[in-house]
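Reading the structure
Here are the chains, one letter per residue:
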Amino acid sequence: MKKVLATGVALLMAGSIATAAEMEDKSGVSIKGNARARVIYKDKYDFGNSDNDANWTMDSRVRFDVTGTAAGGAYIKGRIRLIEQKFNGEADISENNNIYADKAYIGVPFTDEFTLEAGKYRVTYGNGFMYDDIGLAGVRGIYQNEQILVVPFFEVESEGQVSDIAKDVEEDNDSVRFGAAVQGTMDAWTGGILAAYQTDDRVESYIDDSGAVVATGNGENDGFFGSVFVKGTMGAFGVEGEFAYAEEGITDFTGVDDGYGGYLRGSWTMDALSLALDLGFTKDGYKPDPFYGFVMIGGEEPIGAQAIGENSDWMWAGLRASYAVTEALSLTGNLVYADIDGNDDLGITDPRLANMYELSGVLKYAVSQGCTFSWYAGYLTPDFDGRLDAVGVEDDGAFGTYAKFDVKF
């Protein structure tokens, strides 16, 4: 009997050793990154309503993306940012300006299709009209196959234990978001929904004249937010769009009322030429993601002069034309018109935009593999509410331009 047991144990050990030896070792560390340096010029961004002169600045940024993978496939990811600021000869040791991380999370694959991530990450849901590269902290699951992507999440917007308000710390008043994003793919088309709910137990606060933080009661910024999106191509034609909605009080997206908005983009590409028409709107103070937009109106460019939404109802139409001159050189032009209905609660002396035009262009040139030079320029002409003429509100056009080098490795 002992011989049988010994033989069985030996076979089990041999089997386990063979299995371990056959397992693929996925361990390793990779470091990638990118950097940029920019020269930025702005003129009359107050539309001529102050004595501010034109100004120019230079800035730079370096980022490192680090990925570490364990032998079994679990991973960690982090992103380190260095000196994201304007050029200044003085040493900068201030908090969050010298070296800091904006991503630091782990991922645990349970199956080939399901992974759990936890930590500080950045996400984009849909086409980016509501959620585009937003920094969040929490836990999310990622289920993905060839046809469907499902991402349930629980994220902490504000942790009560690190609040400046004593009552938030004592009562553990947090603000959290939970929900899910679902996306399906079929041939050249993708579409889906984002549905989430925010709870907010934090107390409202403000800074008084002495610099002290004063608590004024519960914020109660609870509510639903979500979007529906689609994107696809049919030969030379492309269509994409997104409709978003947020209940009142969710300040990332809207103000004192339930807000909503959306856009639809049709595009056509033939050889080196691409044309696209953007049509969009916002209602009751809805604010799309800051990265959505053009060069001067909305968008992520440093010469952006006017955000979309917030205390106004917007409608806009933007024509984009892009042409690839060579494999290395491309040109893009934008012509945008926006009609703006200002909030009637604004005072008579507050600037109330009625409409504006943007004319802008972008040149991109691939200097070498991994290095690109870009030049942006834009002119924005505003038209204010006629009731402001009596108080001398000016409506001069704003001009901005900047050049940058991007390096990726």
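Residues numbered from 1 in each chain as written. Predicted model: local features only at pLDDT ≥ 70, side-chain atom pairs only at ≥ 80, totals over all residues. Heavy atoms only, no water.

1. Some points on the overall build of the chain
The cut-off we apply is this: Helix and strand assignments come from DSSP, with helices taken as H or I runs of at least 4 residues and strands as E runs of at least 2, each series counted from the N terminus. Only protein chains enter the accessibility calculation, which uses a 1.4 Å probe. A residue is then buried if its area is under 20% of the maximum for its type, exposed if over 50%, and partly exposed in between. Contact definition: two residues touch when any of their heavy atoms are within 4.5 Å.
Along its length, the chain carries two helices and 20 strands. Here the chain holds 409 residues, and the buried ones make up 33% of them. Intrachain contacts of the chain at a sequence separation of at least 6 include 54% that bridge at least 24 residues.

2. Remarks on the packing of aromatic side chains
Here is the rule: Any Phe, Tyr or Trp ring, taking Trp's six-membered ring, that has another such ring centre within 6.5 Å forms a pair; planes under 30 degrees apart are called stacked, those over 60 apart edge-to-face, and the others tilted. Distance and angle both matter: a charge sits over a ring if NZ of Lys or CZ of Arg is within 6 Å of the ring centre and within 35 degrees of the ring normal.
Tallying each qualifying case throughout the model produces 22 aromatic pairs. On the numbers, 5.8 Å between centres and 65° between planes, the contact of Phe64 with Phe409 is edge-to-face. With a gap of 345 residues between them, Phe64 in strand 2 (residues 55-69) and Phe409 in the segment after strand 20 (398-408) connect regions that are remote in the sequence. Since its relative accessible area comes to 29%, Phe64 is described here as partly exposed. A residue is classified by how much of its surface remains accessible, and Phe409, at 48% relative accessible area, is partly exposed. What links up through ring pairs into an aromatic cluster is the set Tyr125, Tyr131, Phe153, Phe225 and Phe253. Residue placement shows Arg140 over the ring face of Tyr121; its charged tip is 4.5 Å from the ring centre.

3. Details of the pairing of strand 20
The condition that has to hold: Here, any two strands with at least 2 DSSP bridges between them count as paired.
Relative to strand 20, strand 1 (residues 28-43) runs antiparallel, the two sharing 10 bridges. Looking across to strand 20, one finds that Ala35 is bridged to Val407. Summarising the sheet, strand 19 (residues 371-384) and strand 20 pair through 10 bridges and their orientation is antiparallel. Bridging across to strand 20, Thr372 finds its partner in Asp406.

4. What about the pairing of strand 8 (residues 175-186)?
Pairing between strand 7 (residues 148-158) and strand 8: 10 bridges, direction antiparallel. Residue Ser158 lies in a different strand from strand 8, and its bridge partner there is Ser175. Sheet topology note: the strand 8/strand 9 (residues 189-200) ladder contains 12 bridges and is antiparallel. Considered in strand 9, the bridge of Ser175 is made with Asp200.

5. Here we look at the nonpolar core
Nonpolar side chains tend toward joint burial in soluble globular proteins. Convention followed: As used here, the term nonpolar core means buried Ala, Val, Leu, Ile, Met, Phe, Trp, Tyr and Cys residues forming a set that is joined through side-chain atoms within 4.5 Å.
Residues Met130, Tyr131 and Ile297 are the most contacted members of the largest nonpolar core, which totals 46 residues. Setting aside chain neighbours within four positions, we find Met130 in contact with Leu194, Phe225, Gly226, Ser227, Glu242, Ala244, Tyr245, Ala246, Phe253, Tyr286 and Asp289.

6. As for a negative patch on the surface
Selection rule: Within the patch definition used here, like charges are joined within 9 Å and nonpolar side chains (Val, Leu, Ile, Met, Phe, Trp, Tyr) within 5 Å, considering only residues with over 30% relative accessible area and no salt bridge. The Shrake-Rupley method, run with a 1.4 Å probe sphere, supplies the accessible areas, and residue values consider only the shown protein chains as cover. For this document, the term salt bridge refers to a Lys or Arg side-chain nitrogen within 4 Å of an Asp or Glu carboxyl oxygen. Charged residues are defined narrowly, with Lys and Arg counted positive, Asp and Glu counted negative, and His plus the chain ends left uncounted. Here the site of a charge means atom NZ of a Lys, CZ of an Arg, CG of an Asp or CD of a Glu.
A contiguous patch of negative charge, built from Glu159, Glu170, Glu171, Asp172, Asp201 and Asp222, is present on the exposed surface. Here Glu171 is to be found in helix 2 (residues 166-171). Given the relative accessible area of 46%, Glu171 is considered partly exposed.

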